[in-house]
Amino acid sequence: MAKEKLIIFDTTLRDGEQSPGASMTQEEKLRVARQLERMRVDVIEAGFAAASPGDFNAIKTIAETVRDSTVCSLARANENDIRRAGEAIRPARSGRIHTFIATSPIHMEKKLRMTPDEVLEAAVKAIGIAREYTDDVEFSAEDAVRSDIDFLCRIFDAVIAAGARTINVPDTVGYSVPSIWGERMRTLIGRVKDADRVVWSTHCHNDLGMAVANSLAAVQAGARQVECTINGLGERAGNASLEEIVMAVKTRTDIFHLETGIDATQIVPASRLVAQITGYPVQPNKAIVGANAFAHESGIHQDGVLKHRETYEIMRAEDVGWTQNKLVLGKHSGRNAFKNRLQELGIPVNSEEAINAAFARFKELADKKHDIFDEDLQALMSDESLPPAHEHYKLVSFKFHSETGEIPHAELTLSVGGVERHAEADGGGPVDAALKAIESVVGSGSELLLYSVNAITTGTDAQGEVTVRLASGGRIVNGQGADTDIVVASAKAYLNALNRLYQGNERLNPQL
Ligand code: KIV
Ligand code: ZN
């Protein structure tokens, strides 16, 4: 018998982006949206159109590009927000407006300073305006978790009558527990007049670590859409994690009897992309996408898995996109093999020129590192986000000295707009010395908000992937660099961030 569908609504680009420092540039948002489409997410919430012109343009570009997923913009329940959202999603093949207003006594009194009747009137009006742009209109009762159930039923009756097609019930503050949350969903579906004419949705935050459990309880009670994010990224403790929801529903069909349209093999690439762009690393023991999620350390477990895999494994690593550090290419691989592997990995390459540049970098890497894995290629291609022609600052040569009892020292030559400049500096360590030397040439005066290093693969010859986040004059940028030498990776990441500052390629909604 065909299973009912669970709609996966991804809000990494909207709620996820509200994590401190996780905001993205327009180009980064587009890359994530493409990956979400490749993963066959049903709805991509691409942003909040009225938040800034940058967010508006990002949503519009995503709406122009993405063809297989519905593209959605968030909007408060006011005319200006909804019209901005409507304009932003206009180019989409399938576009949705998601409008919301708070319904809890504390939010209505203290934040909105509106009576429940005024809130209800604003919600109904908002749906009417949104329907001028699209039939696909979603309504959310913000802070539904602390809202009066009678008022929720009243407002949901009214917005459904006004034309809302999806009703989302958010636990905005991550306060609920599974039994209560499931019960709330069941009660609403039981009491709201035309409940069967809409899709019921749940949106849970993770403040008490129960976002996924609460979402799944709502699904068992009848919700057929879950709002979630890659890696559980999101405000405060984050949102429900997409990969956990999808794999729970897939692994326990005996309980949920549902299916999603997700191509689970794209989960790990999506996780890596979001972690790399936002600079939010994934904890090693994170379910599904953590580096240890499928590693068996204890002898008893290893023995069991070798004898019969299912003794300790409920999912297969390759089904969620782990490539088992597969050796793909080496020093002698040709350009065609390289290009084919990129295609197999679903990495978009925009032009022959871009392939040539990437292939040259691949050859450089292959000289330093014997085995090149898929993860190395993914890191290599992320450098493509900033074409070399746009690199105002380039590393020409670099050397550093670090020895017990000596002060670390870095010496480098940078090309600044085509003119070579030499610099040297001492530092607390070689990375500190390198960044100081670069800064002595560039003089950006920016503040370093984040510096993180992550090994891309296993082994001591692994590439280190460095992320730096810089703030300067109210703007925030992230920079990434990868190299087998982490001091060089650090210099590359710092220069990548400086190039973004120089280009005006900053994050759209910077939040410290
Ligand atoms: O958490 C929340 O309530 C939200 C709404 C805007 C859906 O993000
Ligand atoms: Zn939220």
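Look a little higher up for the structure.
Figured I'd write up the structure that's included with this text. (Residues numbered from 1 in each chain as written. Chains lettered and ligands numbered in written order. Predicted model: local features only at pLDDT ≥ 70, side-chain atom pairs only at ≥ 80, totals over all residues. Heavy atoms only, no water.)

The α-helix winds at 3.6 residues per turn, so residues separated by three or four positions along the chain end up facing the same way. When you tally the buried positions in helix α8 (residues 211–220), you get eight out of ten residues, the bulk of the element. Every buried residue of α8 is accounted for by Ala211, Val212, Asn214, Ser215, Leu216, Ala217, Ala218 and Val219. Among the residues trailing α8, Gly222 stands out with phi positive, at a value near 125 degrees. (Buried < 20%, exposed > 50% of the residue type's maximum accessible area, 1.4 Å probe, protein only. Helix = DSSP H or I, 4+ residues; strand = E, 2+ residues; numbered from the N terminus.)

Attention shifts here to the environment of Leu342. Here Leu342 is to be found in helix α13 (residues 335–344). Each C-alpha atom, one on Leu342 and one on Ile355, is 9.6 Å from the other, the two residues being 13 residues apart in sequence.

Attention shifts here to the sheet that holds strand β15 (residues 419–426). Spatial ordering of the open sheet is given by β13-β14-β15, a layout of three strands whose pairing is antiparallel. Each edge of the open sheet is held by one strand with a lone partner, namely β13 (393–401) and β15. For this sheet, the mean inter-axis angle between neighbouring strands, taken without regard to orientation, is 15 degrees. As defined by bridge partners, strand β14 (residues 409–416) adjoins β15 across eight bridges and the pair is classed as antiparallel. (Pairing = 2+ DSSP bridges. Axes fitted to C-alpha atoms, helices over the stretch in contact; angles between N-to-C directions.)

Below, the discussion takes up the environment of Ala22. You can see Ala22 is positioned in the loop between β2 (7–10) and α1 (26–38). For Ala22, a relative accessible area of 0% translates into the label buried.

Next up on the list: the coordination of the zinc ion (ligand 2). For the zinc ion (ligand 2), every protein donor is listed as Asp15 (OD), His203 (NE2) and His205 (NE2), and the spread of their distances is 2.0 to 2.2 Å. Counting residues between consecutive donors of the zinc ion (ligand 2) along the chain gives the motif D-x187-H-x1-H. Of the two residues, Asp15 is situated in the loop between β2 and α1 and His205 in the loop between β8 (199–204) and α8; the sequence distance between them amounts to 190 residues. Of the two residues, Asp15 and His205, neither departs from the other in class, the shared state being buried. (Donors = N, O, S within 2.8 Å, 3.2 Å for Na, K, Ca; no water.)

In short, geometric facts, not functional conclusions.
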